[in-house]
Amino acid sequence: MKEELLFIPGPTMLSARVLNAMSRPQQGHLDPSFVKTFSEALELTKYLFQTKEGLPYILTGSGTLMMEAVIVSLLEPDDRVLVIDTGHFGERFGTIAGIHGASVDVIKPELGRTPTLDELERKLSSSKYKALFVTHVDTATGVVNSIKEVASTAKKYDVLSVVDSVCGVGGIELLFDEWSVDVALTGSQKAIAAPPGLSLAVLSKKAFEVMNSRKVPIRSYYMDLLRWKKVMENPGIYIATPAVNLINALKEALSEVREEGLEKRWLRHRIIAEGIRAGIDALGFRFVAEAGHRADTITAFYVPDNRAGELHARLKSQFNIQLAKGLYEYRDMMLRIGHFGIISANDAVALVAALEIASNDLGLTNKKGTVDEAMKYLEKLKP
Ligand code: PMP
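All values derive from a computational prediction rather than experimental measurement. (Residues numbered from 1 in each chain as written. Predicted model: local features only at pLDDT ≥ 70, side-chain atom pairs only at ≥ 80, totals over all residues. Heavy atoms only, no water.)

**Some thoughts on the site of the ligand**
Here is the rule we go by: We call a residue near a molecule or strand whenever a single non-hydrogen atom of that residue lies within 4 Å of it. Counted as a polar contact is a pair of N or O atoms within 3.5 Å, where, for protein atoms, one must be capable of donating a hydrogen and the other of accepting one, and residues adjacent in sequence contribute only when both atoms are in side chains. The method behind every accessible area is Shrake-Rupley, applied with a 1.4 Å probe, and residues are considered shielded solely by the protein chains displayed. Runs of E in the DSSP output that reach at least two residues are strands. Runs of H or I that reach at least four are helices, and both are numbered from the N terminus.
Residues in close proximity to the ligand total 14 residues, the closest being Ser62, Thr64, Thr139, Asp164 and Gln189. In this structure, an oxygen atom belonging to the ligand sits 2.5 Å away from a side-chain N or O atom of Ser62. Contact with the protein chains covers 87% of the free accessible surface of the ligand, which is 390 Å². Every element with two or more residues in the shell around the ligand is listed here: helix H3 (63–74) and helix H4 (88–99). Looking at the shell around the ligand, the element that brings in the most residues is H3, giving three residues.

Encoded structure:
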């Protein structure tokens, strides 16, 4: 069967090299050659997040595991935290922090927008917060927060910055050291283009100072990031069996990121995002994220008359293209396109052409010329 064009916001399509890495004979988790691969993957994680100072982590478990591990390890009961909620995943940070006993304040701008720096400063100066949680790109809305500005504002108020870059890093710029981020995390199945099942993070020196000066011990075994520190410094140490085959695949995916080079990769993502947005705009569909807040890794748009399900099904049955529906309450009203990982300009052309045909066939629009509009950007990515 021919492979589908997978345009959901993760998992993404995988390269042959990454797929091959998972089909080797099984190794033991303490096999010296696997320990070497794990160490290399950790080193490449530092490159991914652009850090020399931070300590990289790779844990077996999806992105949510790392969100919770960071919260359990950093926060103590009754700590006060601030969450920027630009969509479902900001809200998730708040929910997890609340479950673990923190007092959670939330800034929730209108759907499709990010808070202004004034709003953020007002909130940060109103209380003593231990940490600020922010989603780099919210997968539910396609809204991108300026991490550079948010992290420097948090630092000004001596508040730890914790960034969920699950839908960002590897596709758009994130400079951990330069922007003074304290914790940044992601999942393997997003812009890195590895299979799902691993979560990655980087922690700053300040994050370790906070963990080391806790009054109450970390109330978790598996999610205790201090416990895992010695493994991340020496992957030959056993605490719990890592997903060996996934880490082999991750190392190849991260090597591909390194070989392409982050700056080139960010540019490829930007051009493809611009091409896809130009195509959607040409069809007359409205974006969920407002201009100036649109991410280069995922795009969410409204489908007229709550007919997202029909367009979704038509793209799959006619073109073998898979998009994602809206999350939860947005299920029928929007579609979401994940355009990150190993995606090429050709994939994007196929997507906008299919969107035009399917939307016209279903009577959702009567516009043509989508590919021409998209090509104004995509032609910059000649093979
Ligand atoms: N944060 C964001 C921004 C996400 O997009 C996702 C997954 N869609 C998560 C967190 C949770 O990651 P996972 O599903 O791997 O647990």
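Text resumes after the structure shown.
**Observations regarding the sheet that holds strand S11 (residues 286–287)**
What counts, and what does not: Strand pairing is defined by DSSP finding a minimum of two bridges between the two strands. Contacts: residue pairs with any heavy atoms within 4.5 Å of one another. Inter-axis angles, ranging from 0 to 180 degrees, are taken between N-to-C directions of lines fitted to C-alpha atoms, where helices are fitted over the stretch in contact.
The strand order across the open sheet formed by four strands is S11-S12-S15-S14, and the pairing between neighbours is antiparallel. Whereas interior strands pair on both sides, the edge strands pair on one side only; in this sheet they are S11 and strand S14 (324–325). Relative to strand S12 (residues 298–302), S11 runs antiparallel, the two sharing two bridges. Within S12, the residue paired with Phe287 across the bridge is Phe301. Packing of helix H11 (residues 308–319) onto the sheet brings it into contact with S12, S14 and strand S15 (334–338), and relative to S15 it is tilted by some 40°.

**Points about H3**
Defined as follows: A helix is expected to reach a length of 1.5 Å times the quantity of its residues less one. Exposed residues in this analysis have more than 50% of their type's maximum accessible area, buried residues have under 20%, and partly exposed residues fall in between, with area computed by a 1.4 Å probe over protein chains only.
Helix length check: H3, at 12 residues, gives a terminal C-alpha distance of 17 Å against a target of 16 Å (1.5 Å per residue), a fit within 8%. Burial analysis of H3 places 10 of its 12 residues in the buried class, which makes it a mostly covered element. For H3, the complete set of buried residues consists of Gly63, Leu65, Met66, Met67, Ala69, Val70, Ile71, Val72, Ser73 and Leu74.

**Focus: the pairing of S12**
Burial within S12 is extensive, with five of its five residues counted as buried. Burial of S12 is two-sided: the residues Ile298, Ala300 and Tyr302 facing one way and the residues Thr299 and Phe301 facing the other way are all buried. Summarising the sheet, S12 and S15 pair through five bridges and their orientation is antiparallel. Across the sheet, the residue bridging to Ala300 is Arg336, located in S15.

**Observations regarding helix H13 (residues 370–378)**
Cut-off, in case you're wondering: As used here, the arc is the angular range of directions from the helix axis to the C-beta atoms.
All of the buried residues in H13 are Thr370, Ala374 and Leu378. Take H13 and look down its axis: the buried residues cluster within an arc of 55°, on one side only. Where H13 is buried, its residues contact helix H10 (262–282) and helix H12 (345–361).

**Concerning the sheet that holds strand S5 (residues 131–135)**
With mixed pairing, the seven strands of this open sheet are ordered in space as S2-S10-S9-S8-S5-S3-S4. Whereas interior strands pair on both sides, the edge strands pair on one side only; in this sheet they are strand S2 (55–60) and strand S4 (103–107). Here the strands of the sheet are splayed against their neighbours by 20° on average, with no regard to which way each runs. Packed onto the sheet, helix H8 (residues 225–233) meets S2 and strand S10 (198–203) and runs at close to 105° relative to S2.

**Concerning the pairing of S10**
Put simply, side chains in a regular strand alternate between the two faces of the sheet. Summarising burial for S10: six of the six residues are buried, a large majority. Side chains Leu198, Leu200 and Val202 of S10 all project onto a buried face; the interleaved residues Ser199, Ala201 and Leu203 project onto the opposite face, where all are buried too. Sheet topology note: the S2/S10 ladder contains six bridges and is antiparallel. Within S10, the residue paired with Tyr57 across the bridge is Ala201. Examined bridge by bridge, strand S9 (residues 183–187) and S10 share five bridges and lie antiparallel to one another. The residue bridging Leu185 from the neighbouring strand is Ala201, located in S10.

**Concerning the domain arrangement of the protein chain**
Selection rule: Each domain's extent is set by a domain assignment, obtained either automatically or from a database. A 1.4 Å probe defines the accessible area here, and the buried area is the portion of it lost by two parts on being joined, summed over both. Every case where a carboxyl oxygen of Asp or Glu lies within 4 Å of a side-chain nitrogen of Lys or Arg is listed as a salt bridge.
Taken domain by domain, the protein chain consists of domain 1 (16–259) and domain 2 (261–381). If you average the C-alpha positions of domain 1 and of domain 2, the two centres end up 28 Å apart. Contact with domain 1, which involves 33 residues of that partner, is made by 24 residues of domain 2. The junction of domain 1 with domain 2 conceals about 2300 Å² of combined surface from both sides, 60% of it contributed by carbon and sulfur atoms. Linking domain 1 with domain 2 are one salt bridge, by the criterion used here. Residues Arg113 and Glu290 are paired through a salt bridge, measuring 2.6 Å at the closest nitrogen-oxygen approach. Inspection of the domain 1/domain 2 interface yields 14 residue pairs in polar contact (both at pLDDT 80 or more). Elements represented by at least two residues in the side of domain 1 that touches domain 2 include exactly helix H2 (32–49), H4, strand S7 (143–144) and helix H9 (244–260). With four residues, H9 is the single largest residue contributor to the side of domain 1 that touches domain 2.

**Quick look at the side chain of Thr299**
Its location among the elements puts Thr299 in strand S12. Given a relative accessible area of 4%, Thr299 falls into the buried group. Among the polar contacts listed, one links the side chain of Thr299 to the side chain of His339, at a separation of 2.6 Å. In contact with Thr299, other than residues within four places in its own chain, are Arg277, Ile280, Phe287, Leu335, Arg336, Ile337 and His339.

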